[in-house]
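If you want the building blocks of each chain, they are given just below.
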Amino acid sequence: MRATPTGSFSGGKMNQMSPVREYFHNIWQTVSTILIGMRISLKYCFAKTVTLQYPDVAPALQPRYRGFHFYEIEKCIACDLCAKACPVDCIYIEKTGPRKLDKVSGIAAGGLMTRYAIDYAKCMFCALCVDPCPTDCIHMGNIHDMSGFNRESMIVEFTELAKDGLQTPQPLWMTKEKLPEWAATRKKEWTEFANSNDKMSHDREARRVAMGDALADNA
Ligand code: SF4
Ligand code: SF4
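Calculation criteria
- Residues numbered from 1 in each chain as written.
- Chains lettered and ligands numbered in written order.
- Predicted model: local features only at pLDDT ≥ 70, side-chain atom pairs only at ≥ 80, totals over all residues.
- Near = placed C-beta within 6 Å.
- Nonpolar A, V, L, I, M, F, W, Y, C, P; charged D, E, K, R; others polar.
- Helix = DSSP H or I, 4+ residues; strand = E, 2+ residues; numbered from the N terminus.
- Buried ≥ 20, exposed ≤ 12 C-beta atoms within 10 Å, placed from the backbone.
- Contact = placed C-beta atoms within 7 Å.
- Expected span 1.5 Å × (residues − 1).
- Bend = angle between axes of the 7 residues up to and from the residue.
- Pairing = 2+ DSSP bridges.
- Axes fitted to C-alpha atoms, helices over the stretch in contact; angles between N-to-C directions.
- Arc of directions from axis to C-beta.

## Notes on the site of ligand 2
- Around ligand 2 sit 14 residues in total, of which Cys-76, Cys-79, Leu-81, Cys-82 and Cys-133 are the nearest.
- Within the shell around ligand 2, the residues separate by chemical class into 12 nonpolar, 1 polar and 1 charged.

## Re the environment of Gly-141
- Its place among the elements puts Gly-141 in strand E8 (residues 138-141).
- Note on Gly-141: 18 C-beta atoms within 10 Å, which makes it partly exposed.
- Spatially, the C-alpha atom of Gly-141 lies 9.0 Å from that of Tyr-71, the residues being 70 residues apart in sequence.
- Setting aside its immediate chain neighbours within four residues, Gly-141 contacts Gly-67, Phe-68, His-69, Phe-70 and Thr-168.

## Quick look at helix H1 (residues 19-45)
- Along its 27 residues, H1 runs 37 Å from first to last C-alpha, staying within 8% of the 39 Å computed at 1.5 Å per residue.
- In H1, a bend of some 50° at Arg-39 exceeds every other bend along the element.
- Within H1, only 0 of the 27 residues are buried, which leaves it mostly out in the open.

## Here we look at the site of ligand 1
- Lining the immediate surroundings of ligand 1 are 13 residues, of which Cys-86, Cys-123, Cys-126, Leu-128 and Cys-129 lie closest.
- Among the residues making up the shell around ligand 1, the classes are represented as 13 nonpolar, no polar and no charged.

## Some thoughts on the pairing of strand E7 (residues 113-119)
- Alignment of strand E4 (residues 91-95) against E7, held across 5 bridges, turns out to be antiparallel. Pairing of Glu-94 across the sheet is with Arg-115, part of E7.

## Some points on the sheet that holds strand E9 (residues 155-157)
- Taken in spatial order, the 3 strands of this open sheet run E4-E7-E9, and their pairing is antiparallel. Both edges of this open sheet fall to E4 and E9, since each of them pairs with a single strand only. Going across the sheet, the axis of each strand differs from the next one's by a mean of 15°, ignoring polarity.

## A few points about helix H5 (residues 204-214)
- Three or more residues of H5 are buried, namely Arg-207, Ala-210, Met-211 and Ala-214. Down the axis of H5, the sector holding all buried residues measures 105°, keeping them to one side.
- Among the structural elements, strand E6 (108-110), E7 and helix H3 (158-163) are those in contact with the buried residues of H5.

Structure representation (structure tokens):
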């Protein structure tokens, strides 16, 4: 392969670097770009270590943190756009027929959702599934913690969660009765749909009914 000449233009002429100068120039470029890239990592290498007593203390998540999804089944029209956008094909959607959003109520009707599942053994939390959604019903959530005993347990069946009135998976330890205060508050937010921001925001019972309607045959 022929090497591309290195140099700069001055007065319409190309100023060629001498081979020795080019050699050291390349070394400098390599080292400086690595250092620029490593600047943040190096900063954290020498930062004071902070130990967070999780789960007694809430994890410090940034506002734009991308955790396990929350999914509003009652608004989903099963259009598959999220699944098509997913670069690793980890969203599985099954329905009995097309669904359409009622603009007045904000609820989808038509066919039933028989499956909406995400395989978290493959998901890379890129959020590419969120933007194409025409009804704004799939979102990145605020849970970072999920454990299981095999790969199959990493597949979250959101339609099964919806039967229990849930929009997002819960970490196993959060199903216990006694929880730290922050976890109990977050759990309450999930069951009261605090993350949903739409026409039914204040009507929890209507939302539960609509969730049941979306998968009535499965109930
Ligand atoms: S976050 Fe990315 S990888 Fe995960 S389901 Fe969405 S598109 Fe797929
Ligand atoms: S979550 Fe959104 S994009 Fe995905 S199938 Fe439902 S409506 Fe379509």
